Amino acid sequence: MVFQERTYSVLVVSASAAFDRTVSDLLPRNDFFPVNMVKSCGEARRALLDKEYDIVLINAPLQDDFGMRLAIDVCSTSHAGVLLCVKSALYNDVYSKVTPHGVLTLSKPTSLPMITHSLRVLCALRERLRKLEAKQQSVEKRMEEIRLVNRAKWLLIQCLNMTEAQAHRYIEKQSMDTRVSKREVAQDIIKTYAGQPPLSDNPFSSLP
């Protein structure tokens, strides 16, 4: 039913066996796997501690709570797409409260095409969040490399009396000569010189 190549892990939180059967038919294994089902907020919170899910479907009300706070908490603490199904009489009130937190709301009773459409929206949302996660990780990795290289430069300046330009060239040359990243060169420099006292002479003063 879904156009993407990957599969999506799903947590269904519902106290209704009929709802579980209906949803199960809309979650084929080639698109959604694994699919785990629990009946209460407590069980859902424990399941979310054990595993990260791509999609969380909540059929309100649950055995131990309505489910609105659970939906908000999942959106606030994870990258899962959350669908909260509520009775039509409560829809407008619940919608206004959960939408600012990123929760998708569906009014009950509903149709199978509408549930299918909501699942497609959640899949698209998960892909967008996945790309944002990758971008964020890339930026964080680059920032960490910059911090390591700057610390390594400072150690070269402090311990070997290099200038900043000499330290910069040294790290770049080591990276090219050894065919490793500047991050790895910086880590080796930090391991070697951290804690050592500064030198008074500059053995690199003749470097071009």
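Located above this text is the structure these notes cover.
S.K.: Would you explain the overall build of the protein chain in this entry?
M.R.: Scanning the protein chain from N- to C-terminus turns up seven helices and five strands. In sequence order, the protein chain lays out its α and β elements as β-α-β-α-β-α-β-α-β-α-α-α. In terms of principal-axis extent, the alpha carbons of the protein chain reach across some 80 × 30 × 25 Å. Looking at the protein chain as a whole, 38% of its 208 residues are labelled buried. Put simply, of all contacts in the protein chain between residues at least 6 apart along the chain, 64% involve residues at least 24 apart. Only carbon and sulfur atoms are counted for the fraction: they give 54% of the accessible area of the protein chain, which is about 12300 Å². Treating the 28 positive side-chain charges of the protein chain as one cloud and the 23 negative ones as another, the clouds have centres 2 Å apart.

S.K.: Help me understand the packing of helix α5 (residues 112-160) against helix α6 (residues 164-178) in this model?
M.R.: Each packed pair of helices is defined by two parameters, the angle between the axes and the distance between the axes. With their axes 9 Å apart at the nearest point, α5 and α6 run at an angle of 120° to one another. Our classification of the angle between α5 and α6 gives oblique. For the element pair α5 and α6, the recorded crossing hand is right-handed. Contacts from V149, A152, K153, L156 and I157 in α5 reach E164, A167, H168, Y170 and I171 in α6. The class makeup of the residues in the contact of α5 with α6 is seven nonpolar, one polar and two charged.

S.K.: Would you mind going over the sheet that holds strand β5 (residues 104-108) with me for this structure?
M.R.: Whether parallel or antiparallel, the strands of a sheet pair through hydrogen bonds between backbone atoms. A sheet is described by the order of its strands in space; here five strands give the open sequence β2-β1-β3-β4-β5, paired in parallel fashion. Where the open sheet ends on each side, the last strands, each with one partner, are β2 (32-38) and β5. Between one strand axis and the next, the sheet turns by 20° as a mean value, whatever way the strands run. Docked against the sheet, helix α2 (residues 41-50) engages β1 (8-14), β2 and β3 (55-59), running at close to 160° with respect to β1. This element, helix α4 (residues 88-98), spans β4 (81-87) and β5 of the sheet and lies at about 145° to β4.

S.K.: Quick question: what am I supposed to make of unusual backbone geometry here?
M.R.: In terms of backbone geometry, most residues other than glycine have negative phi values and most peptide bonds are trans. A cis geometry characterises the amide bond from F33 onward to P34, with omega recorded as -5°. For P34, the location among the structural elements is in strand β2. Residue P61 is reached from A60 by a cis peptide bond, and omega for that bond is 0°. Positive phi outside glycine occurs at N161, with the angle close to 60°. Checked against the element boundaries, N161 lands in the loop between α5 and α6. With a phi close to 60°, R179 is a non-glycine residue in the positive phi region. R179 gets classed as exposed once you look at its relative accessible area, which sits at 80%.

S.K.: Can you help me understand α6 in this one?
M.R.: Residues three or four positions apart in an α-helix share a direction because the helix packs 3.6 residues into each turn. Over its 15 residues, α6 extends 21 Å from the first C-alpha to the last, a length consistent with the 21 Å expected when each residue adds 1.5 Å. Among the residues of α6, those classed as buried are Q166, A167, I171 and S175. Close packing links the buried residues of α6 with α5 and α7 (182-193).

S.K.: How should the environment of A152 be read in this particular structure?
M.R.: With respect to the helices, strands and loops of the structure, A152 is situated in helix α5. Along the sequence, A152 and K131 sit 21 residues apart, while their C-alpha atoms lie 32 Å from each other. Residue contacts for A152: discarding those within four places in its chain leaves I171, A186, I189 and I190.

Reading the values: the criteria
- Residues numbered from 1 in each chain as written.
- Predicted model: local features only at pLDDT ≥ 70, side-chain atom pairs only at ≥ 80, totals over all residues.
- Heavy atoms only, no water.
- Helix = DSSP H or I, 4+ residues; strand = E, 2+ residues; numbered from the N terminus.
- Buried < 20%, exposed > 50% of the residue type's maximum accessible area, 1.4 Å probe, protein only.
- Contact = heavy atoms within 4.5 Å.
- Areas by Shrake-Rupley, 256 points an atom, 1.4 Å probe, with all protein chains shown as cover.
- Lys, Arg positive; Asp, Glu negative; His and termini not counted.
- Charge placed at Lys NZ, Arg CZ, Asp CG, Glu CD.
- Axes fitted to C-alpha atoms, helices over the stretch in contact; angles between N-to-C directions.
- Parallel < 35°, antiparallel > 145°, perpendicular 65-115°, else oblique.
- Left-handed = near helix turned anticlockwise from the far one by under 90°.
- Nonpolar A, V, L, I, M, F, W, Y, C, P; charged D, E, K, R; others polar.
- Pairing = 2+ DSSP bridges.
- Expected span 1.5 Å × (residues − 1).

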